[in-house]
Each structure stands twice: as structure tokens, then as C-alpha cells.
Amino acid sequence: MSTIPNRLALLTAAILLVAFPALAQAPAPSGPVRPLSRDEFRAQVYRQLDTLAGRATGRVIYAGVTIISPDAPNPRHNMAIIVAGDRIEAVTPMAALDAKAREAAEVYDATGLYAIPGLIDSHVHNATTPNRPNAEQHLRREIYSGVTAVRDMAGDVRALADLSRSALINDIPSPDIYYAALMAGPSFFTDPRTMTASLGLTPGQMPGMRAITDDTSIPLAVAEARGTGATGIKIYANLPGPLIKAIIAEAKRQGMPVWSHAQVFPGSPLDPLGSTSVSHICMIADWVLNPDKQSYSHADAPDYSKLTTANPNVQRYIAALRQSGSVLDATLSVYPPRKDLTATNGDAVRCPRELAGELTAAAHEAGVPVTAGTDSTSEGTDPWPQLDEEIESLVRFAHFTPYEAIVAATRNSAIALGKQDQMGSIEPGKFANIVLLKYDPLTDIGNLRSVVVTIKRGHRFRRADYSHRPIVDPELGQ
Ligand SMILES: [Zn+2]
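## As for the overall build of the protein
Secondary structure summary: the protein contains 13 helices and 19 strands in total. The proportion of buried residues among the 478 residues of the protein is 46%. Of all intrachain contacts in the protein linking residues separated by at least 6 positions in sequence, the fraction that spans at least 24 positions is 69%.

## Observations concerning the environment of Phe188
Mapped onto the elements, Phe188 comes out in the loop between strand S8 (176–184) and helix H6 (192–196). Judged by the 23 C-beta atoms lying within 10 Å of it, Phe188 falls in the buried class. In this structure the C-alpha to C-alpha distance between Phe188 and Pro203, which are 15 residues apart in sequence, comes to 9.2 Å. If sequence neighbours within four positions are ignored, Phe188 has contacts with Thr194, Tyr236, Ala237 and Asn238.

## Examining the pairing of strand S3 (residues 87–93)
With 6 bridges joining them, strand S2 (residues 72–84) and S3 adopt antiparallel strand pairing. Looking at the pairing, Ile81 lines up with Val91 of S3.

## Concerning the packing of helix H7 (residues 218–227) against helix H8 (residues 241–253)
Packing of H7 against H8 brings their axes to within 9 Å, and their N-to-C directions diverge by 60 degrees. Judged by the inter-axis angle, H7 sits oblique to H8. Judged by the twist between their axes, the crossing of H7 over H8 is right-handed. On the side of H7, the interface is formed by Ile218, Pro219 and Val222, while H8 contributes Ala246, Ile247, Glu250 and Ala251. Residues belonging to the contact of H7 with H8 are distributed by class as follows: 6 nonpolar, no polar and 1 charged.

## Quick word on H7
Inspection of H7 places Ala221, Val222 and Ala225 among the buried residues, and these make up the whole buried set. Down the axis of H7, the buried side of the element spans an arc of 95 degrees, and every buried residue falls inside it. Along H7, exposed side chains directed more than 90 degrees from the buried face belong to Leu220 and Gly227. On its buried face, H7 is in contact with S8, strand S10 (209–211), strand S11 (232–236) and H8.

## Examining the nonpolar core
Counting residues in hydrophobic clusters, the biggest one holds 130 residues, and the most contacted among them are Tyr62, Val65, Ile81, Ala115, Ile233, Ile247 and Ala356. In terms of residues, this core owes the most to one element, helix H13 (residues 402–417), which gives 9 residues. Each of domain 2 (57–117 + 425–462) and domain 3 (119–423) contributes no fewer than three residues to this core.

## Thoughts on the packing of helix H11 (residues 353–365) against helix H12 (residues 386–398)
At their nearest, the axes of H11 and H12 sit 8 Å apart, and the two run at 85 degrees to each other. With respect to H12, the axis of H11 lies roughly perpendicular. Facing Arg353, Glu354, Ala356, Gly357, Thr360, Ala361 and His364 of H11, the residues of H12 in contact are Ser393, Phe397 and Ala398. Class assignment of the residues belonging to the contact of H11 with H12 gives a composition of 4 nonpolar, 4 polar and 2 charged.

## Quick word on the pairing of strand S5 (residues 114–117)
Burial along S5 is two-sided: the residues Tyr114 and Ile116 and Ala115 and Pro117 are all buried. Strand direction decides the pairing type here: strand S1 (residues 59–69) and S5, joined by 2 bridges, are parallel. Within the sheet, the bridge partner assigned to Thr66 lies in S5 and is Tyr114. Strand direction decides the pairing type here: S5 and strand S17 (residues 434–437), joined by 4 bridges, are antiparallel. From the neighbouring strand, Ala115 faces S17, where its bridge partner is Leu436.

## Comments concerning helix H10 (residues 312–324)
The first and last C-alpha atoms of H10 sit 18 Å apart over 13 residues, in line with the 18 Å expected at 1.5 Å per residue. Within the sequence span of H10, burial applies to Val314, Tyr317, Ile318 and Leu321. Take H10 and look down its axis: the buried residues cluster within an arc of 95 degrees, on one side only. Buried-residue contacts for H10 involve helix H9 (284–289), strand S16 (327–329) and H11.

## Thoughts on unusual backbone geometry
Here Phe265 and Pro266 are connected by a cis peptide whose omega angle stands at 0 degrees. The residue Pro266 is located in strand S14 (residues 265–266) in this model. A positive phi is found at Arg457, a non-glycine position, where the angle reads about 45 degrees. Following the sequence through the fold, Arg457 ends up in the loop between strand S18 (451–456) and strand S19 (459–462).

## Some details on the confidence of the model for the protein
When the pLDDT values of the protein are averaged, the result is 90; 89% of them are 70 or greater. Across residues 1–5, confidence stays below pLDDT 50; counting only partners more than four residues off in sequence or on other chains, it has 1 contact. In this model, residues 8–27 is a region of pLDDT below 50 whose contacts with residues beyond four sequence positions or in other chains number 12 contacts.

## Some words on the environment of Asn412
The residue Asn412 is located in helix H13 in this model. On a C-alpha basis, the gap between Asn412 and Ala372 in space is 7.9 Å, while along the polypeptide they are 40 residues apart.

## What about the environment of Val60?
Looking at the element boundaries, Val60 is found in strand S1. For Val60, a count of 20 C-beta atoms within 10 Å gives the class buried. Counting along the chain gives 20 residues from Val60 to Ala80, while the straight-line C-alpha distance between them is 9.9 Å. Among residues more than four places away in sequence, those in contact with Val60 are Val83, Ala105, Glu106 and Tyr108.

Basis of the calculations
- Residues numbered from 1 in each chain as written.
- Predicted model: local features only at pLDDT ≥ 70, side-chain atom pairs only at ≥ 80, totals over all residues.
- Helix = DSSP H or I, 4+ residues; strand = E, 2+ residues; numbered from the N terminus.
- Buried ≥ 20, exposed ≤ 12 C-beta atoms within 10 Å, placed from the backbone.
- Contact = placed C-beta atoms within 7 Å.
- Pairing = 2+ DSSP bridges.
- Axes fitted to C-alpha atoms, helices over the stretch in contact; angles between N-to-C directions.
- Parallel < 35°, antiparallel > 145°, perpendicular 65-115°, else oblique.
- Left-handed = near helix turned anticlockwise from the far one by under 90°.
- Nonpolar A, V, L, I, M, F, W, Y, C, P; charged D, E, K, R; others polar.
- Arc of directions from axis to C-beta.
- Core = buried A, V, L, I, M, F, W, Y, C linked by C-beta atoms within 7 Å.
- Domains from an automatic or database assignment.
- Expected span 1.5 Å × (residues − 1).
- pLDDT = per-residue confidence, 0-100.

This is the structure we're talking about:
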């Protein structure tokens with residue numbers, strides 16, 4: 001039982017430790033392992049707090065870099081990025097850096113390197129069937145490859161809350177994790193994925209995985225979703241248009257982003273416009289070619305060969321999307337290139353990446369901000385994450401310039417998170433989320449795979465420290 005005098009004692013200790021940080025230096029461990037004393041334990045806790053606050057990283061000047069960032073259309077050469085703790089303090093030409101500024105900081109010689117903002121994957125799943133060791137392997141590959149944040153688009157929120165805490169305090173090497181609470185019509189909650197993500201509870205009746213009907217109190221459902229620690233609400237599968245709109249309006253009122261599938265049935269793709277983001281570009285094919293389809297399924301796919309960007313309804317959708325302010329989470333990675341589609345396993349009816357690319361290109365040219373989201377993972381043997389291929393696909397299949405593809409994976413993905421004031425560019429005041437590359441990604445987007453170091457909220461993850469071990473993925477049948 002905690003008593004007031006005890007609390008006072010703890011508070012006094014806390015004040016002393018903040019005022020006299022030397023008190024928090026525990027002796028270096030030597031000899032056989034023994035239990036920590038109370039003071040040592042307390043010191044360890046305070047060091048962790050320092051780490052969390054970014055104070056442990058001090059002040060660092062990344063000197064001599066070429067900066068490529070969405071806030072400035074041209075690369076800036078021979079620059080210094082000054083990082084204080086977890087934030088970017090200043091960005092300045094090296095010539096303007098005075099001796100005094102250097103004195104109080106560690107100088108990291110980044111001469112000849114290229115600095116881009118930390119990459120953000122706007123569509124991952126790390127806990128559909130929660131498997132912590134497996135998730136950690138994927139997250140580790142991502143952080144050492146320049147990914148500083150991911151948007152988890154629904155899984156078991158209990159597992160995601162735990163993972164995101166570990167990432168936040170650097171307990172595990174991982175991008176920061178922002179995740180969704182899911183809302184859908186009751187029919188979706190017989191899907192096996194909802195069962196594995198709700199184990200022990202009833203799918204559709206938990207705050208992170210909620211069935212919505214006309215009888216649901218939407219304000220309460222949104223408030224409960226927020227209580228899970230989720231950053232946003234994902235709208236999925238089946239819901240009528242008026243309920244989609246009601247969720248978006250209430251989430252906006254409570255300051256929570258809404259992330260919707262591009263079409264939720266029997267609503268039309270026009271109903272989720274006004275949400276923060278819409279996912280999966282090829283979903284509009286159903287509405288254009290198969291307008292009578294009433295519910296979500298992969299079974300009755302439309303004939304994608306009949307779809308072109310010239311179709312008046314495609315044009316109408318893109319114009320409405322542009323008008324709405326929603327960003328497009330195109331997820332090119334989920335659509336196989338035409339050459340990889342085979343008739344034998346039913347792939348003949350899948351949307352080819354070439355078409356997904358053309359639709360994404362049309363949206364991009366109309367001025368719709370496009371994010372970089374994968375909704376899939378690269379092979380376990382691949383030392384680089386799927387996000388690299390998604391960014392390359394934006395260039396190859398949707399005609400983005402390398403710079404535009406980097407903007408997609410940084411600023412636009414940050415907008416999808418609702419975190420654009422904290423990340424997505426290399427600007428003072430934002431988190432020190434920076435990737436240093438050996439080669440220029442503007443001359444070849446493949447140079448994103450020349451990571452020297454990933455910096456996440458001031459903490460450095462050197463690529464040289466990463467030894468790739470093939471990721472075994474039990475979710476994929478191992
Ligand atoms: Zn997904």
C-alpha cells in the first residue's frame with residue numbers, strides 16, 4: 001500500500017536525481033551478476049527516462065551532408081543538421097556554423113553523405129496473428145534500413161500497444177509504431193483474421209475491433225478506440241455510407257485520424273472521402289466495373305483488363321479524391337506485376353501492378369498526395385524491407401520522379417499518420433528522424449539501399465551493425 005510519506009520520499013529522490021544527475025550514475029557492472037540495489041535500480045530507471053526523452057543522445061552536428069527533404073525542392077549541399085536530444089534544432093550551411101556551436105556538440109562527419117527524412121511505411125501489419133519474435137525481426141530489418149515509423153493498419157491492439165511502447169523507449173530496435181483500431185460492419189467479424197487478433201475476447205465487441213451498427217453509440221466507440229492507444233481508426237469491409245460518414249465526423253470531432261479502405265460496401269468509394277487516407281487504389285475497379293457489388297470479398301473480382309484511367313468514373317473519383325484532401329495509400333506492393341500473374345491459381349483476375357501504377361499516376365498528376373504503403377513484406381531472405389520496392393514501384397509503375405517518391409514515403413506518409421508537424425521532413429522542431437545514405441537517391445532511387453545510419457528521435461542505428469538473418473514467418477505457413 002502506498003502512503004503519502006512514501007510518495008513524498010520518492011518525489012524528493014526524483015527531484016534530487018534531476019537536480020544532481022551524477023547521483024544517477026550506477027557503478028559499472030563487474031564480477032558475477034548480483035541483484036541491483038534499490039539505488040541502482042532507481043538509477044537505471046532514470047537512465048531509461050533519459051533515453052526516452054532523448055537526453056541521452058546529447059547534441060550532435062551531422063556535418064557536411066547534402067539534404068534532400070520535402071520542405072525544399074532542390075538538394076542543399078554542404079549542410080549541417082544540428083540535433084539536440086530527440087529533435088532537430090537547426091539546419092544550416094556549414095559555412096554559417098561557428099566555433100561555439102561546434103564546441104558544445106559531438107561532430108559526426110557526414111561529408112559526402114545524403115540526408116533524407118526517416119522513411120515511413122503507411123501500411124504494415126505486425127500483429128494480425130500476434131507473434132512477437134517474428135514482428136521484432138521485421139521491425140529490426142526496417143529500422144536498420146531507414147524506416148523510422150510505420151502505420152499498422154489493424155491487428156491485435158493489445159499486442160500493438162506493447163510493441164509500440166518497446167519501440168518508443170528503444171527497448172527493441174524498431175521504427176516507431178502507430179496503429180489502428182478497426183471498425184467494420186458485423187458481417188466482417190467471422191473473418192479468421194479478426195479472431196486471431198481478438199483471442200480471449202469476442203471479435204467485434206472489443207474497443208480495438210468493433211462491429212458498428214445503427215444502434216452503436218459512435219461517440220463512445222470512437223472514445224473507446226482512442227483508449228486503446230491507437231492513433232487512428234480503420235474503416236474496413238462492409239458499412240453503409242451514412243455510418244462511414246458518421247464515424248469520420250465523430251473521429252474528427254475527437255481529433256483522431258480515420259483510415260479507410262478505398263471502398264467499403266455497400267457504400268461507394270465517394271463515401272470515405274474526407275477521411276485522412278484511403279487505401280488500395282485498385283478497389284475503385286469494383287465500383288467502376290461492378291457497381292452492383294454489395295459486400296466485401298475477393299471472390300467476384302472485376303475484369304481489370306476493361307479498366308483504364310480514361311474511364312469517366314475513374315476521372316470522377318480522382319477529381320473527388322483531390323477535392324476531399326484525403327491522401328492515397330496506393331499499396332502498389334499488393335498488386336503483382338503482370339508477368340507474375342498466372343491463370344492457374346486464379347491470379348488472372350487480380351489487378352496487375354501496371355494498372356495500379358497507371359491509376360496512381362493519374363491521381364498523382366491530379367495533385368492527390370500519395371503515400372508509400374506496402375501491406376506486405378519482402379522475402380525473409382531479403383536484407384531490405386518491402387518499403388524499398390514500394391518506393392521503386394512508385395517510380396517505375398506510377399512515373400514519380402525519385403524526389404516525388406521520397407516525398408511520398410516521408411511527408412505524405414506523415415500526413416497519413418496525422419503527424420506531419422512532428423516528422424516527414426528535415427526541419428527545426430521536428431523529431432530527429434534522418435537517414436544518411438552513401439549514394440544519391442535522386443540519380444537512382446535504388447540508392448535508398450545504401451543506408452549508412454538511421455537516426456530515430458536522435459538514436460543511431462548503424463547499418464554496419466545489422467547482420468541479416470533470414471526471417472522465418474510462421475504466419476506465412478512455416
Ligand atoms: Zn492491410
